[in-house]
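Listed below, chain by chain, are the residues.
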Amino acid sequence: MRDPRPLLLAFGLAATVDLGSLAAGFDAGHTVAKPLLMPLLAGYAALSGAPRILVAALLFGWGGDVALLFDAEPAFLLGMASFAAGHVCYLLLFRAPGTHRAFPFLCYSLALTTTVASLWPDLPADLRIPVAGYSLLLTAMAYRAGARFGAVAGAGGALFLLSDTLIAAGVAEWPEPPRPDLWIMLTYIAAQFLLVHGSLRALEARPHPAATYGEVRSTTP
């Protein structure tokens, strides 16, 4: 198996360029670096022995990243659909046995209902149902990441939820922090990395579920 570390370093470099460009207001740097992020992370995951469904989740994230580079409602809906497909992939991955945790479940349920109810009046009418449906899918993914694959993946799911909530707040034209795109991308990049790292760790500890998802790890030199 090839060494995955160069791809992880390239991902870190692309992330640094992207975040630095957003901080400096250099749009061209963001436009170039953003589409590189998920393919590099997907390549790292694949070379690390990740199951195909995890790689697919990242590539659907890449589709959403590219779509959201265009400032138009059809592109926004296309990007949301691509991210939604990625969350379905994550949910399929997170079918592995785990512990149901009542308190996090209640917290995520409260966060979902409060956020959707608060955003609803301020969202464009044609985006209300898609955003609500997407929010349900995203929240389910975030909860199951932690319940099935532990704290690292759970932190990734929570950050993904925060990142997309910032996007939705912008669509609803709520007050935003300075350079909102920087905070959106910072939380998103961290989310995807933690989901990958946490998933790989969990699958290494559970060799039989890993094989179920299309991964067969060699035990010979």
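It should be noted that the structure appears before, not after, this text.
Throughout what follows, the structure given in this document is the object of discussion. (Residues numbered from 1 in each chain as written. Predicted model: local features only at pLDDT ≥ 70, side-chain atom pairs only at ≥ 80, totals over all residues. Heavy atoms only, no water.)

### A few points about the packing of aromatic side chains
Under the criterion given, the structure shown has 7 aromatic pairs. Arranged with centres 5.8 Å apart and planes meeting at 80°, the rings of Phe 83 and Tyr 188 form a pair that is edge-to-face. Taken together, the positions of Phe 83 in helix α4 (residues 73–93) and Tyr 188 in helix α8 (residues 180–205) put the pair 105 residues apart, joining distant regions of the chain. Each member of the pair Phe 83 and Tyr 188 is classed as buried. Where Phe 160 meets Tyr 188, the ring centres are 5.5 Å apart and the plane angle is 80°; that geometry is what we call edge-to-face. Remark: Tyr 188 occurs in helix α8 and Phe 160 occurs in helix α7 (residues 151–171); sequence separation between them is 28 residues. Residue classification places Phe 160 among the buried positions, given a relative accessible area of 1%. One aromatic cluster is present, built from ring pairs that chain together Phe 83, Phe 160 and Tyr 188. (Phe/Tyr/Trp six-rings, centres within 6.5 Å; stacked < 30°, edge-to-face > 60°. Helix = DSSP H or I, 4+ residues; strand = E, 2+ residues; numbered from the N terminus. Buried < 20%, exposed > 50% of the residue type's maximum accessible area, 1.4 Å probe, protein only.)

### Describing the nonpolar core
Counting 55 residues, the largest nonpolar core has Tyr 90, Met 141 and Phe 160 as the members making the most contacts within it. Ranked by residues supplied to this core, first place goes to α8 with 10 residues. Discounting residues that sit within four places of it in the chain, Phe 160 has contacts with Phe 83, His 87, Tyr 134, Leu 138, Met 141, Tyr 188, Ala 191, Gln 192 and Leu 195. (Core = buried A, V, L, I, M, F, W, Y, C linked by side-chain atoms within 4.5 Å. Contact = heavy atoms within 4.5 Å.)

### Let's talk about α7
Given a rise of 1.5 Å per residue, 21 residues ought to cover 30 Å, and the 30 Å separating the end C-alpha atoms of α7 matches this to within 8%. When we look at burial in α7, the residues that qualify are Ala 153, Gly 154, Gly 156, Gly 157, Phe 160, Leu 161, Ser 163, Asp 164, Ala 168 and Ala 169. Of the surrounding secondary structure, the elements contacted by the buried residues of α7 are α4, α5 (102–119), α6 (128–149) and α8. Positive backbone phi, at 60°, marks Glu 173, one or two positions downstream of α7. (Expected span 1.5 Å × (residues − 1).)

### Comments concerning the layout of surface pockets
Roughly 670 Å³ of internal volume is contained in the largest pocket. The wall of the largest pocket is formed by 26 residues, among which Leu 68, Asp 71, Phe 76, Ile 167 and Asp 181 lie closest to the centre. Breaking the lining of the largest pocket down by element, the ones donating at least two residues are α2 (27–47), α4, α7 and α8. Here the element with the most residues in the lining of the largest pocket is α7; it accounts for 6 residues. As a volume, the second largest pocket reaches approximately 280 Å³. Together, 20 residues line the second largest pocket, and Tyr 134, Ser 135, Asp 164, Thr 165 and Ala 168 are the ones closest to its centre. (1 Å grid on protein atoms, 1.4 Å probe; cavity = no way out; pocket = protein on both sides within 12 Å on 5 of 7 lines; lining within 4 Å. Points joined across faces, edges and corners; volume = space filled by probe spheres on them.)

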